[in-house]
Amino acid sequence: MATSSVSKVSGRRGCVSGYAVDVPLAHSAPPPPAQLRPLPLPPALDGFFLSLCPRLVASSLAEGAEGWGSQGCFVFKPDFKRKKISFPIADYFNEGESLSEDSKLRFDTCQLLWQQMKSEAEELQEELNKNLFDKLIEFLEKSHLEFRKKSTNWNYQIKSREIPTAALVLGVNVTDHDLTFKGLTAMLRDTITPYVVSLQAKECPDVKHLLQKLASQVMGCHIDMESTEEEEEECVQLSQKKMHYSMAFLSTWYRNVTQKKGSESVNKKITSSSQWKKSPPIVIILKDIESFSTKVLQDFIIISSQYLHQLPIVLVLGIATSPIIIHRLLPHAVSFLCIELLQSLSCKEHLAKLLDKLLLTTRFPFKLNEKALQVLINIFLYHDFSVQNFIKGLQLAILEHFYSQPLSILCCDLPEVKRRIHSLSEDQCESIRRLPSFMRYVEKQTPEKQVASLTNERFLKEQTMRFLEELHIYHENFFIVLKCLHAFTSSLPKYPLGRQIRELYCACLEKNIWESQEYEPALQLLRMLAKDELMAILHKCVEVFRSSPGKQLGSTAEKLKEFLAQFQSLEETESNEEENGSGSQQKGLQKTDLYHLQKSLLEMKELRSSNKKQTKFEVQRDKVVDMIDNLVRKYLFPPDTQTLYEVVYFTGAHTLREHLNAAPRIALHTALNNPYHYLKNQALKSEDDSIPNVAPDICIAYKLHLECSRLINVVDWSEAFATVVTAAEETDPNSTASEEIKEIIHARFIRAVSELELLGFIKPTKQKTDHVARLTWGGC
């Protein structure tokens, strides 16, 4: 640690930043140079004395004010910046001494694949937000129509104190809200108004700070749009003076800006019609309304409503729970709001669309196996409902796959795969032979093919190309049949195969879906579908099969169209028969009493049950179900049955769980009980359960406290700590240096105990004053 330079003005003797300083008094002879005597203080106490320097200076000045004149002590910490050593990101793909020959290629492939998937996810986010943003723009157009026209209508005068408010119900996935508000702010500034303000509850503890934040952001937006140096300097001077911001000040500023001759330059970036350029609204976005104080919000809304005839204010409330929170937070000020409710797409539907874009497609070769996908879905469902965190987990899976799998260089498009297969080295060919799926394939072949696969590289490369092409075709058929099966089973009672496509997809990845217990009951329910339900499902399946690039499933789409035509013809013939039958039935039952009517109905029911003859619709319905069953058994087998599936499938579910599923208790115990696990310092490595004296102080104190019972004697704990720390040192106990070392060790022990108390391992107890209570692993 760098030492501190000390400058002195006549004063007293003191200790500053680990040094004893002799400073002569003001009335004495000219002071000699300051005599600095280094004290062996630890870094923590050095920082502790630095934090006490202001108090030390203040006390010395107070004591010397009466008789000594001005005196003081000033500490100057050396200001140095450590140079950051940056390594190329691709170097992290090199595994220490065994440098991989294709690490750079794998890294480039990983980066290219992730950029493509990331851009696809961003396009999906923009597409989903477009509907919400369009509704918001429509609301803004209606909100201040009278304000722009300067209307004197009586109805307008009545509503002039109601603030137009858009309540955006975004869901409980709070971590995704920032991305939505960021896109909303950019869209409003580009199309509607430059005056867009984003406020958070932590920035607005009271109305004063809220108004100050509002005015500074609004005026800052104005400067950003004009970008003139003179007004930027003026704004900086105003902010430095810390003016008293208020709604009256803001309304005066807004009137001056909108009425000046060059006002159009303020809005030169707005691309919409000129109706916004005359009086652009001030949009105030309250991101987390549930976190705002009720008093602050109510006071701000009441104040703002008084200036609506001067300021076109529009509120946008970000709601994570329910719209009823507005009435709970604003019981008195809700009457000043004209609320328009806008609902965003639910996070579960967003995840379903994301899976369809990124994983249930052949556009991207990378895939997740059942366990890895289930880890990400469980984190999504049981932790935060955050789609962005799901995308980050997917990014981690991609990075781990390309880092740990040397054959991931073949996880790319088919044209590129052909080029890379021809340039495979001997080690890479040997890696292909060691894959479990390839070994299973070789075991089933004839002896001649086995020898060729294990010895002939040219034959191996041809096989590898064929296997990867078959894997691509397998994915095309798999995803189409999967979506078709989901269309049939997603509306069944109790959802035997899952309501969401992700549930069905995980089941198909794990094992043969037709071997599950839920498959046969699902088929039985499909054989009971009504005609209108079945026809609607068939229309969905036809659209799915039309997107099929393969030739094998093209004929299936034609069969589905034939079934639809047959059902439509059956519907027409049955409607005609019902009309004729209803007329004859009315004639036959016209003079029948209740007794004979019940008797005839029972006879008809017995006759139908005895015949048990299926109708034409039931026959066709069974044919449709049988066709779907055949498609499932033909195409929906798990991916681990495919040869070389390891090239594109990430199977490290445990890696995702370790990085994404936080276990703070286990991590803390491991770090404190075995610091070598994280620090990788050989001096900390101990085979037995001993405590090395070079371990961090908190680790020594922690391992000693594990040996104690519920109550820990602090004196005994301190003595044991000192024994461990000074185990390898030989010092004279009567020397002055030994006393100083004891004080330092005691200070280190106090710091370690304080850190353990902060982490929640111990707490003070009133049972015994010199004891602390243990809180974990069998504590109280």
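Residues numbered from 1 in each chain as written. Predicted model: local features only at pLDDT ≥ 70, side-chain atom pairs only at ≥ 80, totals over all residues. Heavy atoms only, no water.

Peer 1: So what about the overall build of the protein? Which residues, and what values?
Peer 2: On a plain count of helices and strands, the protein comes out with 32 helices and 15 strands. Taking all 780 residues of the protein together, 41% fall into the buried category. Considering only residue pairs separated by 6 or more positions, the protein has 74% of its internal contacts joining residues 24 or more positions apart. Of the roughly 44500 Å² of accessible surface on the protein, a fraction of 53% belongs to carbon and sulfur atoms. (Helix = DSSP H or I, 4+ residues; strand = E, 2+ residues; numbered from the N terminus. Buried < 20%, exposed > 50% of the residue type's maximum accessible area, 1.4 Å probe, protein only. Contact = heavy atoms within 4.5 Å. Areas by Shrake-Rupley, 256 points an atom, 1.4 Å probe, with all protein chains shown as cover.)

Peer 1: An account of empty space enclosed by the protein is requested, with residue identities and associated values reported.
Peer 2: Scanning the entire structure with this criterion turns up 2 cavities of 30 Å³ or more. Reported here for the largest cavity is a volume of approximately 200 Å³. Along its surface, the largest cavity is lined by 15 residues, and Gln-125, Thr-180, Ser-344, Leu-345 and His-350 are the ones closest to its centre. At the level of elements, α3 (103-143), α6 (177-191) and α13 (347-358) are the ones that each hand at least two residues to the lining of the largest cavity. (1 Å grid on protein atoms, 1.4 Å probe; cavity = no way out; pocket = protein on both sides within 12 Å on 5 of 7 lines; lining within 4 Å. Points joined across faces, edges and corners; volume = space filled by probe spheres on them.)

Peer 1: Describe the state of the cysteines, listing the residues and the values that go with them.
Peer 2: Considering all chains together, one arrives at 0 disulfides under this definition. The thiol sulfur of Cys-411 is not disulfide-bonded, and the nearest other cysteine sulfur, from Cys-412, lies at 7.2 Å. A residue is classified by how much of its surface remains accessible, and Cys-411, at 1% relative accessible area, is buried. (Disulfide = S-S within 2.5 Å.)

Peer 1: Quick one: what's the story with the nonpolar core, residue by residue and with numbers?
Peer 2: With 108 residues, the main nonpolar core has Leu-368, Leu-373 and Phe-488 as its most contacted residues. No other element matches the 15 residues that helix α20 (residues 457-489) contributes to this core. Every residue in contact with Phe-488, bar those within four places of it in the chain, is listed here: Leu-526, Leu-534, Ile-537, Leu-538, Cys-541, Val-624 and Ile-628. By size, the runner-up hydrophobic cluster in this structure holds 42 residues, among which are Met-247, Phe-292, Val-296 and Ile-326. (Core = buried A, V, L, I, M, F, W, Y, C linked by side-chain atoms within 4.5 Å.)

Peer 1: I'd love a proper account of the layout of surface pockets, names of residues and values included.
Peer 2: Size it by volume and the largest pocket reaches roughly 500 Å³. If you trace the largest pocket, you find 18 residues lining it, with Lys-118, Glu-122, Leu-179, Gln-388 and Ile-391 closest to the centre. Those elements that provide at least two residues to the lining of the largest pocket are α3, α6 and α15 (387-404). Residue contributions to the lining of the largest pocket peak at 8 residues, all from α3.

Peer 1: Describe the pairing of strand β6 (residues 163-169), with residues and values.
Peer 2: Counting buried positions along β6 gives 7 out of 7 residues, so the element sits mostly inside the fold. Because side chains alternate across β6, one face comprises the buried residues Ile-163, Thr-165, Ala-167 and Val-169, and the other comprises Pro-164, Ala-166 and Leu-168, equally buried. Here β6 pairs with strand β10 (residues 337-343) via 7 bridges, running parallel. Following the sheet pairing, Ile-163 is matched in β10 by Leu-337. Relative to strand β9 (residues 313-319), β6 is paired through 5 bridges, and the arrangement is parallel. Bridge pairing in β9 places Ala-167 opposite Leu-317. (Pairing = 2+ DSSP bridges.)

Peer 1: Account for unusual backbone geometry, naming residues and giving values.
Peer 2: One non-glycine residue, Tyr-495, adopts positive backbone phi at about 50°. The exposure class assigned to Tyr-495 is partly exposed, which follows from its relative accessible area of 34%. If you check the backbone angles, Lys-680 has positive phi at about 55° while not being a glycine. Relative to the elements of secondary structure, Lys-680 occurs in the loop between α29 (676-679) and α30 (697-706).

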